[in-house]
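Each chain, written out:
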Amino acid sequence: MSGLILALDVYDRDRALEIAESTADYLWAVKVNWPLIIGSGLKIITELKQITGLPVIADLKLADIPNTNRLIAGEVFGAGADYIIAHGFVGRDSVKAVMELGEAIIVVEMSHPGAEEFIQAATDRLIEMANELEPFGVIAPATRPERVSYIRSKLKPGIKVIAPGVGAQGGKAGEAIKAGADYVVVGRAIYESENPREAARRLSEEVEAWS
Ligand code: XMP
């Protein structure tokens, strides 16, 4: 098993299932985000689990009041999601509302350039929150391996580091793992590739080589 997570950001159900099935051998988990849920409905989570047998991460970046986070998380865990990604900046109560229903992954920093505007300034406090709440994992940017190292160094052992930003956003899978990520997230570099299975195979080899 490699630490590769497929970000399945397509709209179409049949295309999503085809890509997931063809790459599943090389994945640890499949991540769904709003594009696929909007395009194919929540039941896609159940179908992906059935077809791949892999964990499904719902990357909803929940950032609402506790009651709304709870209402959303209940349905999404009910559909079979194993993990939900939630923003921490909305506060402990909102994150706890998700964690009362299932496993959460907390965003402590993001991979895009705009992350330097606001969220990076809050990263230390978001790591403190994660250390206190002990979620399954946190999100750290593969586009900035030095930040992955920093976040790993401040985080309690046992909390996983999940790093998006590999491929289309410029990050390298091996560098993120070397910096301390447990898992890398790859979307376009797999699902837009001419041969998604081969792209996933190469990336999983790179991840394993550095793990
Ligand atoms: P690409 O196509 O860029 O897709 O490989 C990346 C996937 O990961 C999501 N993403 C993030 N999710 N924090 C997150 O929680 C981040 O910093 C972050 N950066 C990228 C993105 O939405 C897509 O699904």
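Residues numbered from 1 in each chain as written. Predicted model: local features only at pLDDT ≥ 70, side-chain atom pairs only at ≥ 80, totals over all residues. Heavy atoms only, no water.

Along the chain, Lys61 falls in strand E3 (residues 56-62). For the pair Lys61 and Ser153, spaced 92 residues apart in sequence, the C-alpha to C-alpha distance is 24 Å. Other than its neighbours up to four places away in sequence, Lys61 contacts Asn33, Ile85, Ala86, His87 and Met110. Within the structure, Lys61 has its side chain in polar contact with the side chain of Asp59 (distance 3.0 Å). (Helix = DSSP H or I, 4+ residues; strand = E, 2+ residues; numbered from the N terminus. Contact = heavy atoms within 4.5 Å. Polar contact = N/O pair within 3.5 Å; in protein donor to acceptor, adjacent residues only side chain to side chain.)

Per the stated rule, a full pass over the model turns up 15 salt bridges. Residue Arg13 pairs with Asp14 through a salt bridge whose shortest N-O separation is 2.7 Å. Among the ionic contacts, a cluster of salt bridges with common partners joins Glu109, Glu116, Arg144 and Arg147. (Salt bridge = Lys/Arg side-chain N within 4 Å of Asp/Glu carboxyl O.)

Volume-wise, the largest pocket comes out at about 350 Å³. Surrounding the largest pocket, 21 residues form its lining, Lys31, Ser111, Pro164, Gly165 and Gln169 being those nearest its centre. Split into classes, the residues belonging to the lining of the largest pocket amount to ten nonpolar, six polar and five charged. Estimated volume of the second largest pocket: approximately 160 Å³. Lining the second largest pocket are Gly88, Phe89, Gly91, Arg92, Ala122, Arg125, Leu126, Glu128 and Met129. Considering every element that reaches the lining of the second largest pocket, the biggest residue donor is helix H6 (residues 119-133), with five residues. Of the residues in the lining of the second largest pocket, the class split is four nonpolar, two polar and three charged. (1 Å grid on protein atoms, 1.4 Å probe; cavity = no way out; pocket = protein on both sides within 12 Å on 5 of 7 lines; lining within 4 Å. Points joined across faces, edges and corners; volume = space filled by probe spheres on them. Nonpolar A, V, L, I, M, F, W, Y, C, P; charged D, E, K, R; others polar.)

Ile44, Ile45, Glu47, Leu48 and Thr52 are the residues of helix H3 (residues 43-52) that are buried. An end-on view of H3 places all buried positions within 165° of arc, on one side of the element. Lining the buried residues of H3 we find helix H1 (13-23), strand E2 (29-33), helix H2 (34-40), E3 and helix H4 (66-78). Where H3 terminates, the next one or two residues include Gly53, which has phi positive at roughly 70°. (Buried < 20%, exposed > 50% of the residue type's maximum accessible area, 1.4 Å probe, protein only. Arc of directions from axis to C-beta.)

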